[in-house]
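A structural walkthrough
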Amino acid sequence: MGINRTHQRRMELGLCRQCGRVPILGEKKCRDCNNRNRETKRRLYNVRVDSKLCVGCGQPSSTKTCKDCSQNLSILKVERREAGLCQTLGCLNDRLPDAVLCSECREKKRRYSRSVKQKVLDHYGQVCNCPCGCKVTRFEWLTIDHVNSDGKEQRQQHGVGSGFYGWIIRNGFPTDLQVLCWNCNAAKEFFGGCA
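Residues numbered from 1 in each chain as written. Predicted model: local features only at pLDDT ≥ 70, side-chain atom pairs only at ≥ 80, totals over all residues. Heavy atoms only, no water.

**Points about the overall build of the protein chain**
How we decide: Numbering goes from the N terminus for both helices and strands, where a helix is a DSSP run of H or I of at least four residues and a strand is a run of E of at least two. Here the radius of gyration uses the C-alpha set of atoms, whereas the globule reference equals 2.2 Å times the residue count to the power 0.38. Whether a residue is buried, partly exposed or exposed follows from its accessible area with a 1.4 Å probe, protein chains only, as a fraction of its type maximum: under 20%, in between, or over 50%, in that order. Contacts: residue pairs with any heavy atoms within 4.5 Å of one another. Note on areas: these come from Shrake-Rupley sampling with a 1.4 Å probe, and a residue is covered only by the protein chains present in the view.
From N to C terminus, the protein chain includes seven helices and two strands. Secondary structure elements in the protein chain, listed N-terminal to C-terminal, are α-α-α-α-β-α-α-β-α. Its C-alpha radius of gyration of 21 Å places the protein chain more than 25% over the 16 Å reference for a compact globule of 195 residues. With respect to the three principal axes, the spread of C-alpha positions in the protein chain is 70 × 35 × 30 Å. Out of the 195 residues belonging to the protein chain, those deemed buried represent 29%. Look at the contacts in the protein chain between residues 6 or more apart in sequence, and 41% of them connect residues 24 or more apart. Of the accessible surface of the protein chain, which amounts to about 13,000 Å², a share of 52% is contributed by carbon and sulfur atoms.

**Topic: the pairing of strand S1 (residues 142–146)**
Keep this limit in mind: In this description, strands pair whenever DSSP reports at least two bridges between them.
Burial analysis of S1 places five of its five residues in the buried class, which makes it a mostly covered element. Across five bridges, the pairing between S1 and strand S2 (residues 177–181) is antiparallel. Its bridge partner being in S2, Leu142 is matched across the sheet by Cys181.

**A few points about the confidence of the model for the protein chain**
Defined as follows: The pLDDT score gives, residue by residue, the confidence of the prediction method on a 0 to 100 scale.
Averaged over every residue, the pLDDT of the protein chain is 84; residues scoring 70 or more account for 95%. Ranking the elements of the protein chain by mean pLDDT puts helix H5 (residues 151–158) last, at 78, and S2 first, at 93.

**Regarding the packing of helix H4 (residues 103–124) against helix H6 (residues 162–170)**
Defined as follows: The convention used is that axes are lines fitted to C-alpha atoms, helices contributing only their stretch in contact, and that angles between N-to-C directions extend from 0 to 180 degrees. Angle categories are assigned with fixed cut-offs, so that under 35 degrees is roughly parallel, over 145 is roughly antiparallel, 65 to 115 is roughly perpendicular, and the rest are oblique. Each helix crossing is assigned a hand: it is left-handed if the near helix lies turned anticlockwise from the far helix by less than a right angle, otherwise right-handed if that turn is clockwise.
Interhelical geometry of H4 versus H6 gives an angle of 45° and a closest axis separation of 9 Å. One finds that H4 runs oblique with respect to H6. Judged by the twist between their axes, the crossing of H4 over H6 is left-handed. Only Ser162, Tyr165, Ile168 and Ile169 of H6 make contact with H4, whose side of the interface consists of Tyr112, Ser113, Val116, Lys117, Lys119, Val120 and Tyr124.

**Looking at the pairing of S2**
Of all the five residues making up S2, five are buried; the element is thus mostly covered by neighbouring parts of the structure. Side chains Leu177, Val179 and Cys181 of S2 all project onto a buried face; the interleaved residues Gln178 and Leu180 project onto the opposite face, where all are buried too.

**Some thoughts on the packing of aromatic side chains**
Here is the rule: Centres within 6.5 Å make a pair out of two Phe, Tyr or Trp rings, where for Trp the six-membered ring is used; the pair is then stacked when the planes are under 30 degrees apart, edge-to-face when over 60, and tilted otherwise. Whether a charge sits over a ring comes down to the Lys NZ or Arg CZ being within 6 Å of the ring centre and within 35 degrees of the ring normal.
In this structure the tally under the stated criterion is three aromatic pairs. Ring plane angle 40° and centroid distance 6.4 Å describe the contact between Phe164 and Tyr165, whose orientation is recorded as tilted. With respect to burial, Phe164 and Tyr165 carry one shared label: buried. With 6.0 Å between their ring centres and 10° between their planes, Phe164 and Trp167 make a pair best called stacked. Residue Phe164 and its partner Trp167 are located together in helix H6, separated by three residues, close to a single helical turn. The class of Phe164 is buried, set by a relative accessible area of 8%. Overall, Trp167 belongs to the buried group, its relative accessible area being 13%. Through a chain of ring-to-ring contacts, three or more aromatic side chains come together here, namely Phe164, Tyr165 and Trp167. Sitting over the face of the ring of Tyr45, Arg42 holds its NZ or CZ atom 5.4 Å from the ring centroid.

**A short note on the side chain of Lys117**
Under the convention used in this document: When charges are counted, neither His nor the chain ends are considered; positive counts come from Lys and Arg and negative counts from Asp and Glu. Any Lys or Arg side-chain nitrogen located within 4 Å of an Asp or Glu carboxyl oxygen qualifies as a salt bridge.
Of note, Lys117 is situated in helix H4. In this structure Lys117 is buried but unpaired, with Glu140 as the nearest side chain of opposite charge at 7.3 Å. When sequence neighbours within four positions are dropped, the list of residues in contact with Lys117 reads Phe139, Glu140, Leu142 and Tyr165.

**Side note on H6**
For H6, the complete set of buried residues consists of Phe164, Tyr165, Gly166, Trp167 and Ile168. Looking at the buried positions of H6, the neighbouring elements they touch are H4, S1, H5 and S2. At the exit of H6 stands Gly172, carrying a positive phi of roughly 70°.

This is the structure:
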């Protein structure tokens, strides 16, 4: 039986079209095949971001997604949310009705966010560099500060949180960044520095 006929037969039986196992509810693939597919898409996404192309269609774009792709993605997310599905995979959302991610996707996102922040803090030193001498080292209280106070432009281009930490890693840990605790960072922003 040819591969297309095999895929067709599996789909007729309601199985994963790639491996023949039970698929995720509302999907055509099982979780493993879906995860492999997501890894391939992640690599393509990073190449397109680095090349200043739309991550959706691959056309040149000044932002991560062109106007058409942004609109299509918004519609898909709304449809999944209204159907009570996870916004990321479209699988059954096992959390509260207003939650946008299932427990598994939320946990994966949390682990990824923590790992990229840890990688950045490991590079810059996991201690507050403010001259006030507080020397805070607690992971949850540390953040990245723009030495030249020009963070607004970078936040608009690269986002915040794990998106920004990922950008820092992809760009070889720029030298105009430093680690500060939240208090020192806020004091620098609002008062020009710490006491």
